[in-house]
Amino acid sequence: MHPAPSVIIFSTLSGAGFGLLIFLGLGLPVVEGWIALVFYLIAFGLTVIGLLSSVFHLKNRKNAWRSYSQWRSSWLSREALAAVASLVLMGLYAAAQVFLATTIAPLGWLGAALSLFTVYTTSMIYTQLRAVPRWNQWATPVLFLTASLAGGALLSGNGTVAILLLALLGVVVLWHWWKGDRRFGEVGSTLETATRLEGRVKLWEKPHTGENYLTREMVYQIGRRHAVKLRVIAMGLMVVLPLLVLLLLGAHHVTGAVAVLSYLAGMAVQRWLFFAEAEHVVGLYYGAHGNITANSSERTPA
Amino acid sequence: MTALPERTEKKLGLVIDLDTCVGCHACVIACKGWNTQHYGAPLSDQDAYGDASGTFLNRIHSYQVEPEHGASQTIHFPKSCLHCEDAPCVTVCPTGASYKRAEDGIVLVNEDACMGCGLCAWACPYGAREVDMAAGIMKKCTLCVDRIYNENLPEADRQPACVRTCPSGARHFGDLGDPDSDVSRLVAERGGVDLMPEQNTKPVNQYLPPRLKDRLQAPEMTGDEDILAPWLAPVAEEPQGFLKWLDGALERL
């Protein structure tokens, strides 16, 4: 899948922003006055920049408001609603803490729950797509939720929780890669099932001489050869470096900032890979993914 | 709501005969022509005389098939929206632009409501949906909904443009929900199949597999002897007369 910068920025920044909102909503820590203002500027800054960025991948933005209408069937619609609802609730909770120095705990809990649900809806947009087997697995929502919570723990200065969540994130990401590499074979789509032709099928001629929307958007292959190196970089920046900084140097403002920046950089690489490595089954019609399906097509009865 | 209808009264769709398709791309051009000049935003091209790219609702791939025995075959493979019963492209739509009609099962996009997020194209395993880069909205096969019910057209033309134009009769249009329709009988007779059944989309469009091609007649290719062989066999196994002398002379050189 094409790794659009707008969607990578969105899921990286808004994931961390909602993570911070979750911790602030739970009262971890309870902040009031000026300190609260700084915390909420960071949290709302990240989520709002992320959400605005996601609007840039729309080709017809004037109809974006309609995306609030289909919450009964569409995860993307649910995400749009949940994002606004959690921002409004957390905005009220934040306003009371910043301006009235009052903490309305139940409002915060509700805001935290909605923020968590927003991250879940984002993950389900990808998880629901059977046509992209790498995403279509239960580790995808677990990955998004763990990543968001780990980012939130780092940003909110919950050192010990952050260490535990970062370690968990490392395990989840490794599992997602390991399982993701196998999902295409498990779903079982091959050029033979795509065409239902009997025998060994090879693409002989494409339908068009140039690229088209489908090949640009869904048959993205560039950069896959660096995937292993990028996985190491992602894991190093996202998990290993923040863990080392926190464990060896302790959690305070400077180490916290280094850990957060490293985490965000690693997360962006991980999200780039999340898209760039995802193979869409439509690629089969264009002769792609032969290397993945080579083994499974031999099992297909000819 | 972009929920799917529980059931549709009809299941209008196409039956595509991979045996007779000659890969001429006439259906591609007829589709682009009709759908550029009629319903909805036109199907645009970008840099048509350079690094060309554009929107098409119907595309023809060509495949080489190597059977277990015998020579390879070329199969031309037209592909457009399959108007799936369990269409994943419909339920993912956040704006309500994507829908499946309860009366005839046609999957359509309400272009006035589409925000061009492209999620429906991601959800489709078949690559049946493309965002038009000029209009910024999702385009897909409408089964020529503006032809098939159009009483201003002569009755013979009330078919999708691709079906109407196909010179080899490889495309058939009808109600696949009615077991007695011509298309349903054709599917039953020829063993029509779903594309990517493992994706659980329950496509309405059906593909008729290619028949076995005429066998090559050379006995060394087939192992069989042609029925004309006794008449086609050389009259004399050994050359006679001058040729016999020439053959011998050349042999001795």
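All of these numbers come straight from a predicted model, not from anything done at the bench.

### Observations concerning the domain arrangement of chain A
All names here are of chain A.
- One can read the domain layout of chain A as domain 1 (1-128) and domain 2 (156-302).
- Measuring from the centre of the C-alpha atoms in domain 1 to the corresponding centre in domain 2 gives 25 Å.
- Every contact between the two is made by 15 residues of domain 1 and, on the other side, 19 residues of domain 2.
- Carbon and sulfur atoms supply 72% of the area that domain 1 and domain 2 bury against each other, a total of about 1,600 Å² over both sides.
- Between domain 1 and domain 2 we count zero salt bridges in total.
- For the interface between domain 1 and domain 2, the tally reads five residue pairs in polar contact (both at pLDDT 80 or more).
- With eight residues, the single largest contributor to the side of domain 1 that touches domain 2 is helix 1 (residues 5-25).
- Grouping the amino acids of the side of domain 1 that touches domain 2 by side-chain chemistry returns twelve nonpolar, three polar and no charged.

### Observations regarding the pairing of strand 4 (residues 58-66) of chain B
- Most of strand 4 of chain B is tucked away: seven of the nine residues are buried.
- Taken together, the five bridges between strand 1 (residues 200-205) of chain A and strand 4 of chain B define a ladder with antiparallel strand orientation. Bridge pairing links Val201 of chain A to Val65 of chain B in strand 4 of chain B.
- Judged from the eight bridges that link them, strand 4 of chain B and strand 5 (residues 73-80) of chain B form a sheet pairing that is antiparallel. The partner of Val65 of chain B across the bridge, within strand 5 of chain B, is Gln73 of chain B.
- Taken together, strand 4 of chain B and the strand that follows it, strand 5 of chain B, pair antiparallel across an intervening segment of six residues, in which Gly70 of chain B is found at a positive phi of about 90 degrees.

### As for the side chain of Arg171 of chain B
Residue and element names in this part refer to chain B.
- Secondary-structure assignment places Arg171 in strand 10 (residues 171-175).
- One buried charge, Arg171, has no salt-bridge partner; the nearest side chain with opposite charge is Asp17, at 12 Å.
- Residues in contact with Arg171, not counting those within four places in the same chain, are Leu14, Val15, Ile16, Cys27, Asn58, Pro78, Ser80, Cys162, Val163 and Cys166.

### What about helix 3 (residues 75-99) of chain A?
All names here are of chain A.
- Taking 1.5 Å as the rise per residue, helix 3 with 25 residues should run 36 Å; its terminal C-alpha atoms sit 35 Å apart, in good agreement.
- At the N-terminal boundary of helix 3, the capping side chain belongs to Ser74, with an oxygen 3.3 Å from the backbone nitrogen of Leu76.
- Ala101 lies just past helix 3 and shows a positive phi near 50 degrees.

### What about the sheet that holds strand 11 (residues 206-208) of chain B?
All names here are of chain B.
- An order of 10-1-11 is seen for the three strands of this open sheet, with the pairing classed as mixed. Edge positions in the open sheet fall to strand 10 and strand 11, since each of these has one partner strand only. The mean inter-strand angle of the sheet, taken between neighbouring strand axes irrespective of direction, is 25 degrees.
- Lying on the sheet, helix 6 (residues 182-190) is in contact with strand 1 (12-17), strand 10 and strand 11; it crosses strand 10 at an angle near 120 degrees.

### What to know about the interface of chain A and chain B
- With 64 residues of chain A at the contact, the number on the chain B side is 61 residues.
- When chain A packs against chain B, close to 4,900 Å² is buried across both sides, 60% of that on carbon and sulfur atoms.
- In terms of surface lost to chain B, no three residues of chain A exceed Arg196, Tyr213 and Tyr285 of chain A, which account for 14% of the buried area on that side.
- Linking chain A with chain B are two salt bridges, by the criterion used here.
- Notably, a salt bridge pairs Lys202 of chain A with Glu66 of chain B, separated by 3.8 Å at the nearest N-O pair.
- Joining chain A to chain B, the criterion identifies 25 residue pairs in polar contact (both at pLDDT 80 or more).
- If you list the elements that add at least two residues to the side of chain A that touches chain B, you get helix 3, helix 4 (105-127), helix 7 (191-195), strand 1 and helix 8 (213-218) of chain A.
- In terms of residue count, strand 1 of chain A provides more of the side of chain A that touches chain B than any other element does, six residues in total.
- Of the residues in the side of chain A that touches chain B, the class split is 30 nonpolar, 20 polar and 14 charged.

### Some words on the sheet that holds strand 5 of chain B
- Judged by pairing direction, the sheet is antiparallel, and its three strands sit side by side in the order 1(A)-4(B)-5(B) without closing on themselves. Unpaired on one side and paired on the other, strand 1 of chain A together with strand 5 of chain B mark the two borders of the sheet. Neighbouring strand axes in the sheet, compared pairwise and without regard to direction, differ in orientation by 40 degrees on average.

### Considerations on the environment of Gly91 of chain A
- Here Gly91 of chain A lies in helix 3.
- Sequence spacing of Gly91 of chain A and Tyr40 of chain A is 51 residues, and the spatial spacing of their C-alpha atoms is 8.6 Å.

### Considering helix 2 (residues 33-55) of chain A
- If you check helix 2 of chain A, its first and last C-alpha atoms are 32 Å apart, about what 23 residues at 1.5 Å a residue would give, namely 33 Å.
- Among the residues making up helix 2 of chain A, those that are buried are Ala36, Phe39, Tyr40, Ala43, Phe44, Leu46, Thr47, Gly50, Ser53 and Ser54 of chain A.

### Description of the layout of surface pockets
- Empty space within the second largest pocket amounts to approximately 490 Å³.
- Every residue lining the second largest pocket is counted, 24 residues in all, and those nearest its centre are Ser54, Val55, His57, Leu76 and Glu79 of chain A.
- If you list the elements that add at least two residues to the lining of the second largest pocket, you get helix 1, helix 2, helix 3 and helix 4 of chain A together with helix 3 (119-123) of chain B.
- Looking at which element gives the most residues to the lining of the second largest pocket, the answer is helix 3 of chain A, with five residues.
- Here the lining of the second largest pocket is composed, by residue class, of 18 nonpolar, five polar and one charged.

### A word on the pattern of salt bridges
- Summed over the entire model, instances satisfying the criterion amount to 18 salt bridges over all chains.
- With its nearest N and O atoms 2.7 Å apart, the salt bridge here joins Lys32 of chain B to Asp45 of chain B. A residue pair is termed long-range when its members are at least 10 positions apart, and Lys32 of chain B in helix 1 (residues 26-37) and Asp45 of chain B in strand 2 (residues 45-46) qualify at 13 residues.
- The exposure class assigned to Asp45 of chain B is partly exposed, which follows from its relative accessible area of 44%.
- Here Glu111 of chain B makes a salt bridge to Lys139 of chain B, at a shortest N to O gap of 2.5 Å. Note that Glu111 of chain B is positioned in the loop between strand 7 (107-109) and helix 3 and Lys139 of chain B in strand 9 (residues 138-139), a separation of 28 residues in sequence. Of the two residues examined, Glu111 of chain B and Lys139 of chain B, each falls in the buried class.
- Salt bridges sharing common partners tie together Arg134, Asp181, Arg231, Glu277 and Glu279 of chain A.

Reading guide: rules and limits
- Residues numbered from 1 in each chain as written.
- Chains lettered and ligands numbered in written order.
- Predicted model: local features only at pLDDT ≥ 70, side-chain atom pairs only at ≥ 80, totals over all residues.
- Heavy atoms only, no water.
- Domains from an automatic or database assignment.
- Contact = heavy atoms within 4.5 Å.
- Buried area = accessible area lost by both parts, 1.4 Å probe.
- Salt bridge = Lys/Arg side-chain N within 4 Å of Asp/Glu carboxyl O.
- Polar contact = N/O pair within 3.5 Å; in protein donor to acceptor, adjacent residues only side chain to side chain.
- Helix = DSSP H or I, 4+ residues; strand = E, 2+ residues; numbered from the N terminus.
- Nonpolar A, V, L, I, M, F, W, Y, C, P; charged D, E, K, R; others polar.
- Buried < 20%, exposed > 50% of the residue type's maximum accessible area, 1.4 Å probe, protein only.
- Pairing = 2+ DSSP bridges.
- Lys, Arg positive; Asp, Glu negative; His and termini not counted.
- Expected span 1.5 Å × (residues − 1).
- Axes fitted to C-alpha atoms, helices over the stretch in contact; angles between N-to-C directions.
- 1 Å grid on protein atoms, 1.4 Å probe; cavity = no way out; pocket = protein on both sides within 12 Å on 5 of 7 lines; lining within 4 Å.
- Points joined across faces, edges and corners; volume = space filled by probe spheres on them.

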